[in-house]
Amino acid sequence: SRFLSNSVRTDPWFRRVLSEGYHAISKSVLGIPYDTQCGFKICDRDIAQEIFSHVITDGFSFDTEFMVQASRLGCKIHEVPVKWYFDRNTKFRSSFLLWRMLKDLLAIKLRTRKPHG
């Protein structure tokens with residue numbers, strides 16, 4: 001997680017505001033308290049395959065749904081601090097992707113209201 005006290009972050013203030021805003025919205029909408037966008041996730045292959053069999057979202061919000069589905073399947077989730085170094089060559093374009101990510105959050109919310117069957 002980039003949000004733990006012993007994590008190191010080098011992203012500019014604007015990107016930090018965006019990531020913290022997305023984190024707050026995803027926590028509010030989906031009830032998921034984890035840093036879903038950090039990009040680092042470790043789990044057994046069988047568990048990952050089971051979780052991914054329930055993930056529909058593609059693009060930048062897929063890992064948010066991954067974490068939601070992992071929680072719904074009863075997986076134990078632990079966050080650890082990371083050293084997060086900002087890459088100025090990132091493909092993230094906030095003006096376009098922010099709206100897509102918000103739309104994805106609402107779609108994930110609607111899809112995950114139903115129990116797994």
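Residues numbered from 1 in each chain as written. Predicted model: local features only at pLDDT ≥ 70, side-chain atom pairs only at ≥ 80, totals over all residues. Heavy atoms only, no water.

Trainee: I tried to follow the overall build of the protein chain on my own but got confused; where do I start?
Mentor: Secondary structure assignment for the protein chain yields 4 helices and 2 strands. For 117 residues, the compact-globule estimate of 2.2 N^0.38 gives 13 Å, and the protein chain sits close to it at 14 Å. Expressed as lengths along the three principal axes of its C-alpha atoms, the size of the protein chain is roughly 45 × 30 × 25 Å. Taking all 117 residues of the protein chain together, 33% fall into the buried category. Taking contacts inside the protein chain between residues at least 6 apart in sequence as the whole, the part at least 24 apart equals 70%. A distance of 4 Å separates the average location of the 19 positive side-chain charges in the protein chain from that of its 12 negative side-chain charges. (Helix = DSSP H or I, 4+ residues; strand = E, 2+ residues; numbered from the N terminus. Rg over C-alpha atoms; globule rule 2.2 N^0.38 Å. Buried < 20%, exposed > 50% of the residue type's maximum accessible area, 1.4 Å probe, protein only. Contact = heavy atoms within 4.5 Å. Lys, Arg positive; Asp, Glu negative; His and termini not counted. Charge placed at Lys NZ, Arg CZ, Asp CG, Glu CD.)

Trainee: Even after reading the chapter, I still don't get the pattern of salt bridges, so can you show me in this structure?
Mentor: Side-chain pairing between opposite charges can occur once the charged atoms of the two side chains come close. Evaluation of the coordinates by the stated rule reveals 8 salt bridges. For arginine 9, the salt bridge identified is with aspartate 11, shortest N-O distance 2.7 Å. Both residues of the pair, arginine 9 and aspartate 11, count as buried. A single network of salt bridges, built from pairs that share partners, joins Arg9, Asp11, Arg16 and Glu20. (Salt bridge = Lys/Arg side-chain N within 4 Å of Asp/Glu carboxyl O.)

Trainee: I tried to follow the side chain of serine 61 on my own but got confused; where do I start?
Mentor: By the secondary structure assignment, serine 61 is in the loop between helix H2 (45-52) and helix H3 (62-72). Looking at serine 61, its side chain comes within polar contact range of the side chain of aspartate 104, at 3.3 Å. (Polar contact = N/O pair within 3.5 Å; in protein donor to acceptor, adjacent residues only side chain to side chain.)

Trainee: What am I meant to see in the nonpolar core here?
Mentor: As a rule of thumb, nonpolar side chains are buried together in soluble globular proteins. If you look at the biggest cluster of nonpolar residues, it comprises 13 residues, and the most contacted ones within it are Leu30, Ile32, Ile51, Phe66, Met67 and Val68. Residue assignment for this core shows that the elements contributing at least two residues are helix H1 (13-30), H3 and helix H4 (94-111). Per element, the largest residue contribution to this core is 4 residues, and it comes from H3. Ignoring anything within four residues of it in the chain, the contact list for valine 68 reads Leu30, Ile32, Ile108 and Thr112. (Core = buried A, V, L, I, M, F, W, Y, C linked by side-chain atoms within 4.5 Å.)

Trainee: Help me understand the state of the cysteines in this model?
Mentor: A disulfide bridge is the covalent bond that connects two cysteines by way of their sulfur atoms. Following the criterion strictly, the structure yields 0 disulfides and no others. Free cysteine: cysteine 38, not disulfide-bonded; nearest cysteine sulfur from cysteine 43 at 15 Å. Given a relative accessible area of 6%, cysteine 38 falls into the buried group. We note that cysteine 43 lacks a disulfide partner, and the nearest cysteine sulfur, in cysteine 75, lies 7.2 Å from it. (Disulfide = S-S within 2.5 Å.)

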